[in-house]
Amino acid sequence: MNIVLQKLKNKKEVIMSTSDRFSCYTFGEARTGIGQHIEFSCPTEPKSLREQIKEFIKNNIRNIDIPSTGRVNVSHGSYGRYTRYKIKQHKYAGGGCSGSGGYIEVLEVKNPPDGRWGIVINEFSNRKGSIFTEWETIKQACAVFSKYWTSSINVKETFPKLTGFKRRVVCGALTPWFYAIGEEQLIGDYTFPEGLQDDPVYRFGRKFVVSDDKNIPVIKTCMGTRFIENESHSRFIYWDDGSVSNGFTCTPRPVEENEMWVMEAVQQFRQLLDGRSTEFSINFTDSNKFVGKLVKSKPRTQCAEGKYFVKASLKGGKSKEGWLNFSPTAQALDVVQYVTQESAKNKIVVERIEIKESKVTKGGKKWAGVFFNSSF
């Protein structure tokens, strides 16, 4: 009898242990060996577990039979929009006249897959397509909606300055990931568009030189094409930034091998904007060289990310010294600003700051950059 009770006790402990392990979980999406799209949830730790499960499903499972399935319809005024995710619409407003209407909504995605963020303010208009912004909490998102949805502010400039803002994504003609249905595949922030047809030139993932509205050449990545049979037989090309080109009124061309330096230049410039570097150079094929460099207008102050040994003379004759970790931000562009501001929080007035030693972090920020929000 005691043996039976002990076995039951051990079994109960195993069940409780397993239950506890799944109390904190994350969502993921995967495809089986024959391409069937499925969703799953698993423990958050270890972090590599989700990728291991995806790889296991791909290599070991042919398909999974689901007894019943369905779509969630998120209401948009007089009509709805389908999604395969569990979404709660906290706020909604729509309006506009025929041909230029749209809506704005606050959504909470209950099961965002593969690390995607589930709290968004989603905007849609017939003219600009879809744009969504991510927010730390649903309370912050609702507050922003209530205050700004009727105003005529410049959202692109105003939202990044608000508390809780994470990032802004312009989808344009592409569908945001949270409105994916059925077995549609997610590509970054977008849903791979339905009905895209194969094209011998404009293939998915291929890079092209495209002229923008001001006839300036820009390199974009093709997401696919769609043919529309009408009097002019239109062919629309979808790009990774959400824009669309009519293949019969413009002729984007593939990026040539000797033009790949343009991609390298853009990448290096982005690193400079992020504060990872202060200068870069690109060698042209005709032996010319382009040099981009950040030039400071004020005397040089140590502002690179790293560890600093600082001595601060305080008001009243006292002084403090020690090591501190520093990374440039919009609020503190250099070490002096950082020490002054941190001291002010404790009502300490710093009269003089001396940097005695520094250990700059390899690969760290060299200046604050223009993208102050760490979510970019």
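**Side note on the sheet that holds strand S22 (residues 350-360)**
With antiparallel pairing, three strands are arranged side by side in an open sheet as S21-S20-S22. The open sheet has two edge strands, strand S21 (319-326) and S22, and neither has a second partner. Within this sheet the neighbouring strands show an average axis-to-axis angle of 20°, counted without direction. With nine bridges joining them, strand S20 (residues 306-314) and S22 adopt antiparallel strand pairing. Looking at S22, one finds that Lys311 is bridged to Glu354.

**Points about the pairing of strand S2 (residues 37-43)**
Along S2, five of the seven residues are buried, which leaves the element largely enclosed by surrounding structure. Of the strand pairs in this sheet, strand S1 (residues 25-31) and S2 are connected by seven bridges, and their pairing is antiparallel. Bridge pairing in S2 links Phe27 to Ser41.

**Considering unusual backbone geometry**
The omega angle of the peptide bond from Glu45 to Pro46 is -5°, so this bond is cis rather than trans. The backbone of Asp114 shows a phi angle near 50°, a positive value even though the residue is not glycine.

Quick notes on the rules
Residues numbered from 1 in each chain as written. Predicted model: local features only at pLDDT ≥ 70, side-chain atom pairs only at ≥ 80, totals over all residues. Heavy atoms only, no water. Pairing = 2+ DSSP bridges. Helix = DSSP H or I, 4+ residues; strand = E, 2+ residues; numbered from the N terminus. Axes fitted to C-alpha atoms, helices over the stretch in contact; angles between N-to-C directions. Buried < 20%, exposed > 50% of the residue type's maximum accessible area, 1.4 Å probe, protein only.

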